[in-house]
Amino acid sequence: MPRASRRRGEAAQRHADTLRFVLFEARPAGLLFPQLTRASGLTPSQVRAGLACLRDIIAENGWPPLIWTRADGYQLGAEPAALQAYERAVLTEKLTEFRRFLTGTVAPHAAAHPNDKWVKHIIAQLNSIESTLDLVVSA
C-alpha cells in the first residue's frame with residue numbers, strides 16, 4: 001500500500017477522481033484491474049495509488065463502498081450480500097496472515113525466550129485477537 005503522503009497527494013486525488021468516474025460509468029458491473037487501467041488511461045501504479053486514495057475518500061464522505069471480487073473486479077456500491085462476502089474474504093485473508101505471523105514469528109520467539117514478560121503478554125493479546133477474528137469469520 002502506498003505511503004500516506006502518496007495516497008493523499010494531489011496526483012493520487014486526481015487519479016481517485018478519474019477511477020471513481022470510470023467505476024460509476026461501469027456500474028453495476030465491475031472492472032478488472034487491466035480493464036480499469038485501460039478505461040482510465042492511467043498507468044498501473046497510478047491506478048493503485050488512486051484506488052488507495054479513493055478508499056480513503058469514500059470513508060471520509062460516507063459514499064458507497066469499493067469492493068473487489070475475482071469474478072467482477074472493482075465495484076462501487078455493491079449489494080449487501082456481495083459486501084458481506086467481500087468482508088468475509090478480507091477477514092479470512094487477514095486471519096490467515098495473522099496466524100502465520102503467530103506460528104512463524106511469535107511462537108519461535110516464545111520458544112527461544114519462555115520467561116520473557118513481553119512474549120507472554122503479546123501471546124495473550126494475540127490469542128485474543130485471533131479468537132475474535134475467528135468468531136467474526138465463522139459467524
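These remarks concern the structure in this document. (Residues numbered from 1 in each chain as written. Predicted model: local features only at pLDDT ≥ 70, side-chain atom pairs only at ≥ 80, totals over all residues. Heavy atoms only, no water.)

Let us now look at helix H6 (residues 117-138). Taking 1.5 Å as the rise per residue, H6 with 22 residues should run 32 Å; its terminal C-alpha atoms sit 32 Å apart, in good agreement. Turning to H6, its buried residues are Val119, Ile122, Leu126, Glu130, Leu133 and Val137. One face of H6 carries all of its buried residues, which in axial projection span an arc of 70°. Across H6 from its buried face, at more than 90 degrees, point the exposed residues Lys117, Lys120 and Leu135. As for H6, its buried residues are in contact with helix H5 (80-112). You can read the cap of H6 off the contacts: a side-chain oxygen lies 3.1 Å from the backbone nitrogen of tryptophan 118, and it is on aspartate 116. (Helix = DSSP H or I, 4+ residues; strand = E, 2+ residues; numbered from the N terminus. Expected span 1.5 Å × (residues − 1). Buried < 20%, exposed > 50% of the residue type's maximum accessible area, 1.4 Å probe, protein only. Arc of directions from axis to C-beta. Contact = heavy atoms within 4.5 Å. Polar contact = N/O pair within 3.5 Å; in protein donor to acceptor, adjacent residues only side chain to side chain.)

Here we come to the side chain of serine 40. For serine 40, the position within the fold is in helix H3 (residues 33-40). At 3.3 Å, the side chain of serine 40 forms a polar contact with the backbone nitrogen of leucine 42. Excluding its chain neighbours within four sequence positions, the residues that come into contact with serine 40 are Thr18, Leu19, Val22 and Val47.

What follows deals with the packing of helix H2 (residues 10-26) against H3. One can describe the packing of H2 onto H3 by two numbers: an axis separation of 10 Å at closest approach and a directional angle of 110°. Considered as vectors, H2 and H3 are oriented roughly perpendicular to each other. The segment H2 lies against H3, with Thr18, Leu19, Val22 and Leu23 engaging Leu36, Ala39 and Ser40. Looking at the contact of H2 with H3 residue by residue, the classes come out as five nonpolar, two polar and no charged. (Axes fitted to C-alpha atoms, helices over the stretch in contact; angles between N-to-C directions. Parallel < 35°, antiparallel > 145°, perpendicular 65-115°, else oblique. Nonpolar A, V, L, I, M, F, W, Y, C, P; charged D, E, K, R; others polar.)

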